[in-house]
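Okay, here's what each chain looks like letter by letter:
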Amino acid sequence: MASSASPAAVPFDLKVPGSINVGAIHANLTPPLLVEAALARREAILAENGALVAYTGSRTGRSPKDRTIVSEAGTRDDIWWGPVNRPMEPAAFEHLYDKVLAYLQGRDLFVTDGWGCADPRHRLNVRVVCEKAWHAFFARCLLLRPPAEQLANFEPQFSVLNAAGLLADPTRDGTRSEAFIAFSFERRLVLIGGTQYAGEIKKAVFSLLNYLLPKRDVFSMHCSANIGRGGDTALFFGLSGTGKTTLSADPERRLIGDDEHGWSAEGVFNLEGGCYAKTIRLSRKGEPQIWDAIRFGSVLENVPLDPITRRPDYDDNRYTENTRAAYPIEFIPNYEPTERGSHPSNVLFLTCDAFGVLPPLSRLTPEQALYHYLSGYTAKVAGTETGVTEPEATFSTCFAAPFLPLHPMRYAELLHDRLKRHGSQVWLVNTGWTAGPYGKGHRMPLAHTRALLSAALSGTLKDVPFRPDPVFGVAVPERCPGVPAELLQPRGTWAEPKEYDAAARQLALLFRENFEKYADQAAEGVRQAGPRLS
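In this text the structure is predicted, and so the values were computed from the model without any measurement.

Engineer: Could you give an account of the packing of aromatic side chains, with specific residues and numbers?
Structural biologist: Summed over the entire model, instances satisfying the criterion amount to 26 aromatic pairs. Ring geometry for Phe93 versus Tyr97: centroids 6.4 Å apart, planes at 15 degrees, classification stacked. Here Tyr97 and Phe93 lie together in helix α2 (residues 90-104), a separation of four residues that amounts to about one turn. In this structure, Phe93 and Tyr97 share a single accessibility class: buried. Clustering of aromatic rings is evident, with ring pairs tying together Tyr371, Tyr377, Phe395, Phe472, Phe511, Phe515 and Tyr518. Taking NZ or CZ as reference, Arg363 lies 3.9 Å from the ring centre of Phe466, over its face. One cation-aromatic arrangement involves Arg443 over Trp433; the distance from NZ or CZ to the ring centre is 4.9 Å.

Laid out in structure tokens, this is it:
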């Protein structure tokens with residue numbers, strides 16, 4: 001559909017309940033038209049490399065504490081209520097919805113229709129309605145893009161209304177702050193407001209699928225995925241900043257997707273049609289595929305530009321450490337066109353260990369895999385959430401707690417079933433600190449992480465002896481091509497081994513304390529798969 005000069009020029013039904021009279025509806029515009037609109041409306045500027053560059057103001061990351069789910073009769077008993085999923089009463093949602101509709105009256109709106117799930121058997125039709133052209137452009141990059149002939153009769157199954165400039169009043173609207181991300185599964189609506197951060201759109205759709213897919217016996221996952229030349233699929237689980245996008249963009253393997261996937265009875269499939277990569281300290285040498293993907297048709301978020309040349313400065317964190325690029329997956333040269341793969345041979349859990357005590361690579365038993373999946377240990381990297389300014393140790397169950405509407409055991413059961421059926425090998429990979437904790441040690445060299453992953457995925461480590469880590473019990477290889485042997489055993493990298501022992505014990509205690517919430521539902525073998533304390 002083309003842009004309309006007025007509501008009557010090209011009739012378009014938003015198909016959202018309630019009355020709304022808008023200035024104009026610009027539906028499913030092409031990238032050049034969206035870029036022109038964003039520039040004309042002064043929402044963004046153009047970088048030297050052709051990327052559209054936007055700035056999000058005070059909120060440069062997600063706002064998880066402002067996320068709510070309506071407590072409705074049909075879904076109330078399913079939701080994992082607590083600090084992640086805060087309940088909102090139906091009346092409060094209706095009040096907020098009326099406020100969103102009133103705010104959008106008379107405004108031009110930009111509509112993006114797209115799909116979630118590359119497997120047609122599980123496809124979800126999503127409509128994203130935005131007041132800003134650049135947000136619509138972002139949604140177009142991230143959703144799977146239907147061909148033009150299928151857009152003519154597109155019927156949305158869920159709608160996301162992004163009223164970014166609308167600030168809530170907590171005392172009147174029942175929100176925690178001026179920002180809100182509110183889900184109603186019965187109304188099939190998501191309301192977003194009070195934040196310009198585009199990542200809320202992406203994660204809203206992911207949260208919807210995390211509710212819907214397990215009910216179809218599909219394991220929804222916060223992971224990237226790629227395929228080797230022999231057809232072997234690998235999954236990379238991890239929170240933002242652990243390396244999912246960087247490590248899955250491997251020139252020797254075809255990329256299925258960089259962040260969200262489903263694992264069904266038929267295999268693995270991407271939930272998205274694009275990538276959302278961190279760009280802080282991005283270099284052509286270190287990450288050439290991502291570097292080259294940032295061009296016309298992509299969006300840069302909060303990346304400083306030279307005022308004269310408009311050249312991006314990826315080393316500049318003046319706005320945030322969480323600088324981002326969104327681009328269609330086909331901008332990666334060796335992407336997998338079907339965005340689907342076989343049942344994975346290898347599953348990798350990526351953790352950014354701020355304590356600096358976990359091995360750079362270790363092999364897990366199935367019981368250890370479930371323990372670490374439920375634990376989801378990592379460090380929140382600066383900028384990925386509002387208020388996080390330096391790495392902060394955290395446990396995010398299933399490596400996806402902020403996006404899980406259902407209880408974590410539902411997802412753990414699906415993982416257990418898939419590992420049992422297909423015999424996938426699970427690995428724990430520390431992309432965080434070594435030779436000391438954050439502030440004393442240093443980040444694990446990317447070249448060594450890549451060498452370890454290559455050895456694990458290629459089968460090179462099959463004939464290498466492993467020995468158990470004395471604290472965490474995981475199996476650590478004694479050698480690996482291209483990696484210094486001393487790096488493999490983290491205690492030996494510390495100047496003061498006793499300091500390592502104290503830090504390892506501290507982290508082990510945190511694991512134990514965190515896992516208590518799952519102990520009564522986990523099998524005995526899983527409960528015993530955690531760290532060992534003398």
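Engineer: Summarise the packing of helix α3 (residues 133-142) against helix α6 (residues 199-212); cite the residues concerned and give the values.
Structural biologist: The contact between α3 and α6 brings their axes to 9 Å, and the two run at 45 degrees. Overall, the two elements α3 and α6 adopt an arrangement that is oblique. The way α3 lies across α6 gives a crossing that is right-handed. Between α3, through His135, Phe138, Ala139 and Leu142, and α6, the contact on the second element is made entirely by Gly199, Ile201 and Lys202. Split into classes, the residues belonging to the contact of α3 with α6 amount to four nonpolar, two polar and one charged.

Engineer: Lay out the sheet that holds strand β3 (residues 52-54) with the relevant residues and their values.
Structural biologist: Strand order in the open sheet formed by five strands is β2-β3-β17-β18-β16, with mixed pairing between adjacent strands. The sheet is open, and its two edges are formed by β2 (45-46) and β16 (274-278), each paired on a single side.

Engineer: Could you give an account of the sheet that holds strand β4 (residues 67-70), naming the residues involved and the relevant values?
Structural biologist: Strands sit in the order β1-β6-β7-β8-β10-β9-β4-β5 across an open sheet of eight strands; the sheet is mixed. Every other strand in the sheet has two partners, leaving β1 (24-27) and β5 (86-88) as the edge strands with one partner each. The average angle at which neighbouring strand axes cross in this sheet is 25 degrees, direction not considered. Sheet analysis places β1 next to strand β6 (residues 108-116), joined by four bridges and oriented parallel. Among the inter-strand pairings, Ala24 is bridged to a residue of β6, identified as Asp108. Along the sheet, α3 contacts β6, β7 (124-130) and β8 (158-163); its crossing angle with β6, the most-contacted strand, is approximately 10 degrees.

Engineer: Hey, could you go over the pattern of salt bridges for me, with residue numbers and the actual values?
Structural biologist: Applying the stated criterion across every chain, the model contains 33 salt bridges. In this structure, Arg340 and Asp119 form a salt bridge, with 3.9 Å as the shortest nitrogen-oxygen distance. Pair noted here: Arg340 is in strand β19 (residues 340-341) and Asp119 is in the loop between β6 and β7, with a separation of 221 residues, a long-range link. Overall, Asp119 belongs to the buried group, its relative accessible area being 2%. Arg254 is the partner of Glu336 in a salt bridge, and the nearest nitrogen-oxygen pair spans 2.7 Å. One end of the pair, Glu336, is in the loop between β18 (324-328) and β19; the other, Arg254, is in strand β13 (residues 254-257), with 82 residues separating them in the sequence. Judged by relative accessible area, Arg254 falls into the partly exposed class, the value being 33%. A cluster of three or more residues bridged by salt bridges with shared partners is formed by Lys202, Lys203, Lys244, Asp259, Glu260 and Glu272.

Engineer: Please give an account of the environment of Glu155 that cites residues and values.
Structural biologist: Tracing the chain through its elements places Glu155 in the loop between α4 (148-151) and β8. Residue classification places Glu155 among the partly exposed residues on the basis of a relative accessible area of 45%. Residues Glu155 and Pro83 lie 72 residues apart in sequence; the distance between their C-alpha atoms is 34 Å. Aside from chain neighbours lying at most four places away, what touches Glu155 is Lys15 and Asn125.

Engineer: Explain the nonpolar core residue by residue, including any values.
Structural biologist: Grouped together as the largest cluster of nonpolar side chains are 129 residues, with contacts concentrated most on Phe237, Phe349, Tyr373 and Phe472. Excluding anything up to four places from it in sequence, Tyr373 contacts Phe219, Phe237, Phe349, Thr397, Cys398, Phe399, Tyr411, Ala412 and Leu415. Core analysis: the next-biggest nonpolar cluster, separate from the first, contains 27 residues, Val22, Ala27, Tyr103 and Leu109 among them.

Engineer: I'd like a rundown of a nonpolar patch on the surface, residues and numbers included.
Structural biologist: Nonpolar side chains collect at one region of the surface, where Leu39, Leu46 and Phe296 lie side by side and expose about 220 Å² of accessible area between them. Here Leu39 lies in helix α1 (residues 31-40). Look at Leu39 and you get partly exposed, because its relative accessible area is 31%.

Engineer: Please set out the state of the cysteines residue by residue, giving values where relevant.
Structural biologist: Throughout the structure, instances matching the rule amount to zero disulfides. Between Cys223, a free cysteine, and Cys398, which holds the nearest cysteine sulfur, the sulfur-to-sulfur gap is 12 Å. Take Cys223: its relative accessible area is 0%, and that puts it in the buried class. Of all cysteine sulfurs in the structure, the one in Cys141 sits closest to Cys275, which takes part in no disulfide; the separation is 10.0 Å.

Engineer: Lay out the side chain of Asn514 with the relevant residues and their values.
Structural biologist: With respect to the helices and strands, Asn514 occurs in helix α13 (residues 497-519). A relative accessible area of 12% places Asn514 in the buried class. In contact with Asn514, not counting residues within four places along its chain, are Ser375 and Phe395.

Engineer: An account of the confidence of the model for the protein chain is needed here, citing residue identities and associated values.
Structural biologist: Taken residue by residue, the protein chain gives an average pLDDT of 94. The fraction at 70 or more is 96%. In the predicted structure, residues 1-10 sits below a pLDDT of 50 and forms 22 contacts with residues beyond four places in sequence or in another chain.

Engineer: Now, about the environment of Glu367: what can you tell me, with residues and values included?
Structural biologist: With respect to the element layout, Glu367 can be found in helix α9 (residues 366-375). In sequence terms Glu367 and Gly441 are 74 residues apart; their C-alpha atoms lie 31 Å from each other. The residues contacting Glu367, other than those within four sequence positions of it, are Gly525, Val526 and Ala529.

Engineer: Tell me about the pairing of strand β11 (residues 219-227), and name the residues and values.
Structural biologist: Taken across its nine residues, β11 has nine buried, putting it largely inside the fold. Of the two faces of β11, both are covered, the one formed by Phe219, Met221, Cys223, Ala225 and Ile227 as well as the one formed by Ser220, His222, Ser224 and Asn226. As paired strands, β11 and strand β14 (residues 260-263) are joined by four bridges and run antiparallel to one another. From the neighbouring strand, His222 faces β14, where its bridge partner is Glu260. Pairing of β11 with β13 involves three bridges; the strand directions are antiparallel. Bridge assignment links Ala225 to a residue of β13, and that residue is Gly257.

Scoring rules and cut-offs
- Residues numbered from 1 in each chain as written.
- Predicted model: local features only at pLDDT ≥ 70, side-chain atom pairs only at ≥ 80, totals over all residues.
- Heavy atoms only, no water.
- Phe/Tyr/Trp six-rings, centres within 6.5 Å; stacked < 30°, edge-to-face > 60°.
- Helix = DSSP H or I, 4+ residues; strand = E, 2+ residues; numbered from the N terminus.
- Buried < 20%, exposed > 50% of the residue type's maximum accessible area, 1.4 Å probe, protein only.
- Lys NZ or Arg CZ within 6 Å of the ring centre and 35° of its normal.
- Axes fitted to C-alpha atoms, helices over the stretch in contact; angles between N-to-C directions.
- Parallel < 35°, antiparallel > 145°, perpendicular 65-115°, else oblique.
- Left-handed = near helix turned anticlockwise from the far one by under 90°.
- Contact = heavy atoms within 4.5 Å.
- Nonpolar A, V, L, I, M, F, W, Y, C, P; charged D, E, K, R; others polar.
- Pairing = 2+ DSSP bridges.
- Salt bridge = Lys/Arg side-chain N within 4 Å of Asp/Glu carboxyl O.
- Core = buried A, V, L, I, M, F, W, Y, C linked by side-chain atoms within 4.5 Å.
- Patch = residues over 30% accessible without salt bridge, like charges linked within 9 Å, V, L, I, M, F, W, Y side chains within 5 Å.
- Areas by Shrake-Rupley, 256 points an atom, 1.4 Å probe, with all protein chains shown as cover.
- Disulfide = S-S within 2.5 Å.
- pLDDT = per-residue confidence, 0-100.

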